[in-house]
Amino acid sequence: MAKIVILTGSPHDPGTSKKLADAFERGARESGNDIYRYDAGLQGPSNPHFLQLEQAPGMEVGIHDDDVVEREVIPHLLAADVVVLVSSLYYFGINAQLKAVIDRFYEYNHQLKDKHSVVLVTGYGSQDDLGAIKLHMQKLQKYMRWPSLGDVYADDSWNERKLANFAQQAYQIGQQIH
């Protein structure tokens, strides 16, 4: 049994990247894995993981020491065997909500090294449009020394039939983790 942390960033529920995350999670649960999931894009004002500039005009933006990422997400990440990053494509990169969580890794870089990883990304364009996000995620995986257990870059995710095939791939990756 592996300890898996799934981090999603999309604020769309339901959305295309959520379908990939759900399929992966279903496969991983069926294989008996321990799952913790944090949907960064679905957090509201009562549970923020980053502060908006308008809350601190003219000042450097800070994050409270007792926020949800510090209290919940980081401890799960430190204990995890596998980290799953899920995003939809936003201007050729990951969305801000997921990026805000990933940026919080910095203080824990050494403790987070040498885990395994899975990347699930959806985009409405072609595989070529996904090139920059692929490079970003591959660089992150290499920097963190997170060998990939399988990545899904779902192009044309507006196409339900194509998205279903990508979701099946995500499900199968989840099932293979023990």
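J.: An account of the sheet that holds strand 1 (residues 3-8) is needed here, citing residue identities and associated values.
T.: Ordered in space as 2-1-3-4-5, the 5 strands form an open sheet in which the pairing is parallel. With one partner strand each, in any of the chains shown, strand 2 (34-39) and strand 5 (148-154) form the two edges of the open sheet. Across the sheet, the mean angle separating the axes of adjacent strands is 10 degrees when strand polarity is ignored. Judged from the 7 bridges that link them, strand 3 (residues 82-88) and strand 4 (residues 116-122) form a sheet pairing that is parallel. Looking at the pairing, Val 84 lines up with Val 118 of strand 4. Each of strand 1, strand 2 and strand 3 touches helix 2 (residues 68-79); the most contacted strand, strand 2, lies at about 145 degrees to it.

J.: Could you give me a rundown of the nonpolar core, with the residues and numbers involved?
T.: For soluble globular proteins, the rule of thumb is that nonpolar side chains tend to be buried together. By size, the foremost hydrophobic cluster in this structure holds 29 residues, and its most contacted members are Leu 7, Tyr 38, Leu 77 and Leu 85. At the level of secondary structure, the elements contributing two or more residues to this core comprise strand 1, strand 2, helix 2, strand 3, helix 3 (96-102), strand 4 and helix 5 (131-144). Among the elements that line this core, the one with the most residues is helix 2, at 5 residues. Not counting chain neighbours up to four residues away, the residues in contact with Leu 7 comprise Tyr 38, Val 73, Leu 77, Val 84, Leu 85, Val 86, Leu 98, Val 101 and Phe 105. Core analysis: the second largest hydrophobic core is formed by 23 residues, Phe 24, Ile 35, Val 118 and Val 152 among them.

J.: If you had to explain the pairing of strand 4 to someone new, which residues and values would you point to?
T.: Within strand 4, 6 of the 7 residues are buried, leaving the element largely enclosed by the surrounding structure. As paired elements, strand 4 and strand 5 share 5 bridges and run parallel to each other. From the neighbouring strand, Val 121 faces strand 5, where its bridge partner is Tyr 153. You can see the chain leave strand 4, run along helix 5 and come back into strand 5, and the turn it takes is right-handed.

J.: For the pairing of strand 2, give the residues involved together with the corresponding values.
T.: Taking burial as the measure, the 6 residues of strand 2 include 5 buried ones, the bulk of the element. Bridging between strand 1 and strand 2 involves 6 bridges; their strand directions are parallel. Looking at strand 2, one finds that Thr 8 is bridged to Asp 39. Note on the crossover from strand 1 through helix 1 (residues 16-30) to strand 2: the handedness is right-handed.

Conventions used here
- Residues numbered from 1 in each chain as written.
- Predicted model: local features only at pLDDT ≥ 70, side-chain atom pairs only at ≥ 80, totals over all residues.
- Heavy atoms only, no water.
- Pairing = 2+ DSSP bridges.
- Helix = DSSP H or I, 4+ residues; strand = E, 2+ residues; numbered from the N terminus.
- Axes fitted to C-alpha atoms, helices over the stretch in contact; angles between N-to-C directions.
- Contact = heavy atoms within 4.5 Å.
- Core = buried A, V, L, I, M, F, W, Y, C linked by side-chain atoms within 4.5 Å.
- Buried < 20%, exposed > 50% of the residue type's maximum accessible area, 1.4 Å probe, protein only.
- Right-handed = clockwise from strand over helix to strand, strands pointing away.

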